[in-house]
Amino acid sequence: MDFTVKTGDPEKQRSACVVVGIYSPKRLSPAAQRLDKASRGQLSQLLKSNDIDTSCGATTLIHTPAGRILAKRVLVVGCGHPKKFDAKAFRKIAANTATALNKSAVTEAISYLTELDADNQSLNWKARQHVIASDATGYRFDEFKSDAKPPKRPLRKLILGASTDESTELKEGVRQGKAIASGVERARRLGNLPGNVCTPTYLAEQAIEIKKQYGKLKIDILEERDMEKLGMGSLLSVSQGSRQPAKLIVMHYKGSSQKNKPVVLVGKGVTFDSGGISLKPGAAMDEMKFDMCGAASVLGTVAACAELGLPINLIGIIPTTENLPDGEASKPGDIVTSMSGQTIEVLNTDAEGRLILCDALTYVERFKPEVVIDIATLTGACIMALGHHATGVMTNHQPLADDILDAGLTSGDRGWQLPMWDEYDEQISSNFADMANIGGKGAGTITAACFLARFTKNYQWAHMDIAGVAWKSGAAKGSTGRPVPLLTQFLLDRSGINTEE
Ligand code: BES
Ligand code: MN
Ligand code: ZN
């Protein structure tokens, strides 16, 4: 979808549709007021006859604008009570606008929604969110449908209407929104691909694709023999049950001077998690193709960062493998030696995510990172704790968690912190090795993080458990692209290019 910014008055736009907001019970936004005036009170009349629903997110399409309105149609978007109109409400009206336009005959529209005051959010933020919400609404995954019917008249172009002094900020917001939206789309597509297509090799090829598309990237793909040399016995113990070769994907984005330390993102890339010998039950096992959504979010975020040309150094690392049962698969009770030298008793082969992440987390020490964030669909327990609304955030450095949680609030892609007290760490002790790969009953999300923490002592680190947010089940089954919005916002904030928020 195409997004642009244009200055000018709403009544003068020769567009297929002009979009304006109206608050409850009957308060017109400035753009709505102008249209009302130009149409000699058409909007007020429709409000009076209750033909316009002003509840938050409702949409009313007026096909025959009156008077001096040059657009063919007006879409009135209900904003609810002005006092309750906040960031969440803004995202809602932006998404519903896109849905309404996609359903209508309109393929191009100009929106004045960024004039609405949403809890003092900046114009840049509003433009960014408008673009992200519109793009997400139009997303479809039909690569594997032989009779795919694209929507008849989808919205192809959304213009943000601006006054002259607003246009620079809106344009920057649109630029950022587009990059985030395309990062989200990329992550969603990879997540939705079936496990027989999206293999570790496929993910490695995607990294190379991203490099072809944007400059400033360097890609290294480590093969199993490289990992053997590095002593990654923990990662390799997971891949030994699979016929697909494991890969360690390393993406370097250089947007700033060599002397600035990099931010490192590490994404879990289990392209299918059967549980291994500790086989999962059959119900919903297909959803374990989504067990590479951490990896997908790293690919999406690195691509967004490269598209934006952010003035930072970023490294994306993806340990990727399948987890399958096999005659050569690792077994409960096996003891493996990680790259750090620490030994691990594999009490459950289904706790494989931490086994691949721990070696990747040791590997990243060589980059002398400023901070390291890992992103993983790590524990079903995280869904028990936080449901499908928030990413679980755990850290060894509180200011880092604060920045992540902040980026979550700004982007609407929220996280919530869980504690990492010593008592939890004691749960992963083993009778036979330095640690076990499971922590027994209770706080499974935290004991998984405590496991990872034993490999991240030398730098500032945060762990994001995205098990509940990376995909949806049921009728709307599919990848969400989370937490690309949060991560990209985190990087935008760190690069300091948005001064207004
Ligand atoms: N990929 C799963 C976690 C998961 C399960 C995410 C269901 C979303 C939905 C992970 O590899 C796993 O299997 N974790 C186990 C850990 C347990 C064996 C300690 C789990 O959560 O059951
Ligand atoms: Mn598992
Ligand atoms: Zn898994």
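Residues numbered from 1 in each chain as written. Chains lettered and ligands numbered in written order. Predicted model: local features only at pLDDT ≥ 70, side-chain atom pairs only at ≥ 80, totals over all residues. Heavy atoms only, no water.

For the rest of this paragraph, the subject is the overall build of the chain. Counting secondary structure elements, the chain contains 15 helices and 21 strands. Each principal axis of the C-alpha distribution contributes one length, and for the chain these read about 80 × 50 × 45 Å. Within the span of the chain, comprising 501 residues, buried residues form 58% of the whole. Put simply, 77% of the contacts in the chain that link residues at least 6 apart link residues at least 24 apart. Carbon and sulfur atoms form 50% of the exposed surface of the chain, whose accessible area is close to 20500 Å². (Helix = DSSP H or I, 4+ residues; strand = E, 2+ residues; numbered from the N terminus. Buried < 20%, exposed > 50% of the residue type's maximum accessible area, 1.4 Å probe, protein only. Contact = heavy atoms within 4.5 Å. Areas by Shrake-Rupley, 256 points an atom, 1.4 Å probe, with all protein chains shown as cover.)

Attention now moves to helix H15 (residues 484–495). With 12 residues, H15 should cover 16 Å at 1.5 Å per step; its first-to-last C-alpha distance of 16 Å lies within 8% of that length. Counting buried residues along H15, 10 of its 12 residues qualify, which places the element largely inside the surrounding structure. For H15, the full list of buried residues reads Val484, Pro485, Leu486, Leu487, Thr488, Gln489, Phe490, Leu491, Leu492 and Ser495. (Expected span 1.5 Å × (residues − 1).)

Moving on, we come to the nonpolar core. Of all hydrophobic cores here, the largest spans 61 residues; its most connected members are Leu314, Ile404 and Phe490. If you tally residues by element for this core, the top one is helix H9 (residues 293–308), at 10 residues. If sequence neighbours within four positions are ignored, Ile404 has contacts with Ile373, Val393, Ala462, Met464, Leu486 and Phe490. Core analysis: the second largest hydrophobic core is formed by 38 residues, Met232, Leu361, Val364 and Ile428 among them. (Core = buried A, V, L, I, M, F, W, Y, C linked by side-chain atoms within 4.5 Å.)

The zinc ion (ligand 3) binds to the protein through Lys268 (NZ), Asp273 (OD), Asp291 (OD) and Glu352 (OE), with metal-donor distances spanning 2.0 to 2.4 Å. Here the donor residues for the zinc ion (ligand 3) map to a single chain with the spacing K-x4-D-x17-D-x60-E. Taken as an interatomic distance, the gap from the zinc ion (ligand 3) to the manganese ion (ligand 2) is 3.1 Å; Asp273 donates to each of them. Here Lys268, found in the loop between strand S10 (263–267) and strand S11 (269–273), pairs with Asp291, found in the loop between S11 and H9; they are 23 residues apart in sequence, far enough to count as distant. (Donors = N, O, S within 2.8 Å, 3.2 Å for Na, K, Ca; no water.)

Let us now look at the coordination of the manganese ion (ligand 2). Within the protein, the manganese ion (ligand 2) binds to Asp273 (OD), Asp350 (O), Asp350 (OD) and Glu352 (OE); these donor distances fall in the range 2.1 to 2.2 Å. For the manganese ion (ligand 2), the six donor atoms in the first shell make angles of 71 to 169° at the metal, a pattern classed as irregular. If you list the donors of the manganese ion (ligand 2) from N- to C-terminus, the spacing comes out as D-x76-D-x1-E. When its relative accessible area of 21% is taken as the criterion, Asp350 is described as partly exposed. (Tetrahedral: all angles 85-135°; square planar, octahedral: opposite > 155°, others 65-115°.)

Here we take up the packing of helix H3 (residues 87–103) against helix H4 (residues 123–137). At a closest axis distance of 8 Å, the pairing of H3 and H4 adopts a crossing angle of 45°. Taken together, the axis directions place H3 and H4 in an arrangement best described as oblique. Between H3 and H4 lies a crossing of right-handed hand. Contacts from Ala87, Phe90, Arg91, Ala94, Ala95, Ala98, Thr99 and Asn102 of H3 reach H4 at Trp125, Lys126, Gln129, His130, Ala133, Ser134 and Thr137. Along the lines of polarity and charge, the residues of the contact of H3 with H4 split into seven nonpolar, six polar and two charged. (Axes fitted to C-alpha atoms, helices over the stretch in contact; angles between N-to-C directions. Parallel < 35°, antiparallel > 145°, perpendicular 65-115°, else oblique. Left-handed = near helix turned anticlockwise from the far one by under 90°. Nonpolar A, V, L, I, M, F, W, Y, C, P; charged D, E, K, R; others polar.)

Glancing now at the site of ligand 1. Among the 17 residues in the neighbourhood of ligand 1, the closest are listed as Lys280, Asp291, Asp350, Glu352 and Gly380. With respect to ligand 1, the side chain of Lys280 contributes an N or O atom lying 2.8 Å from an oxygen atom. Leu378 places a main-chain nitrogen or oxygen 3.4 Å from a nitrogen atom of ligand 1. Out of a free accessible area of 510 Å², ligand 1 has 77% covered by protein chains. In the shell around ligand 1, the residues fall into six nonpolar, four polar and seven charged. (Near = heavy atom within 4 Å. Polar contact = N/O pair within 3.5 Å; in protein donor to acceptor, adjacent residues only side chain to side chain.)

In this section: the pattern of salt bridges. Applying the stated criterion across every chain yields a total of 21 salt bridges. Of the charged contacts in the structure, one is a salt bridge between Glu11 and Arg34, with a shortest N-O distance of 3.0 Å. Here Arg34 lies in helix H1 (residues 30–38) and Glu11 lies in the loop between strand S1 (2–7) and strand S2 (18–23), a separation of 23 residues in the sequence. Between Lys331 and Asp334 there is a salt bridge, with its nearest N and O atoms 3.4 Å apart. (Salt bridge = Lys/Arg side-chain N within 4 Å of Asp/Glu carboxyl O.)

Right, let's get into the environment of Met384. Mapping Met384 onto the fold places it in helix H11 (residues 381–386). In sequence terms Met384 and Ala443 are 59 residues apart; their C-alpha atoms lie 9.7 Å from each other.

Contact geometry for helix H6 (residues 200–213) and H9: axes closest at 10 Å, N-to-C directions at 5°. By the criterion of interaxial angle, the relationship of H6 to H9 is roughly parallel. Residue-level inspection shows Leu203, Gln206, Ala207 and Ile210 of H6 in contact with H9, the latter providing Ala295, Leu299 and Ala303. A per-class count over the contact of H6 with H9 returns six nonpolar, one polar and no charged.

The next thing to look at is the packing of aromatic side chains. Where two aromatic rings form a pair, the distance of their centres and the angle of their planes describe that pair. Per the stated rule, a full pass over the model turns up eight aromatic pairs. Between Phe141 and Phe144, the aromatic rings sit 6.0 Å apart at their centres with planes inclined by 40°, giving tilted as the arrangement. Note on Phe141: relative accessible area 25%, which makes it partly exposed. (Phe/Tyr/Trp six-rings, centres within 6.5 Å; stacked < 30°, edge-to-face > 60°.)

A few words now on helix H10 (residues 353–363). Of all 11 residues in H10, 11 are buried, a share of seventy percent or more. Those residues of H10 not exposed but buried are Gly353, Arg354, Leu355, Ile356, Leu357, Cys358, Asp359, Ala360, Leu361, Thr362 and Tyr363.

Let's shift gears to the sheet that holds strand S13 (residues 334–337). Within the open sheet, the three strands sit side by side as S13-S14-S18. Their pairing is mixed. The two strands at the open ends of the sheet, each matched to only one other strand, are S13 and strand S18 (435–436). Bridging between S13 and strand S14 (residues 343–346) involves four bridges; their strand directions are antiparallel. Bridged to Ile335 within S14 is Glu345. (Pairing = 2+ DSSP bridges.)

A few words on the side chain of Ser237. Inspection of the secondary structure assignment puts Ser237 in helix H8 (residues 233–239). Non-local contacts of Ser237, meaning those with residues more than four positions away in its chain, are made with Ser330, Val336 and Leu355.

Another point: unusual backbone geometry. Glycine aside, residues mostly have negative phi, and peptide bonds are mostly found in the trans state. Of note, the bond from Ser24 into Pro25 is cis; its omega dihedral lies within 30 degrees of zero at -5°. Here Pro25 shows up in the loop between S2 and strand S3 (27–28). Here the residue pair Arg482 and Pro483 is connected by a cis peptide bond, since its omega of 0° sits within 30 degrees of zero. Positionally, Pro483 belongs in the loop between strand S21 (478–479) and H15. In this structure, Arg40 takes a positive phi of about 50° despite not being glycine. Residue Ala284 is not a glycine yet carries a positive backbone phi of 60°. Note on placement: Ala284 falls in the loop between S11 and H9.

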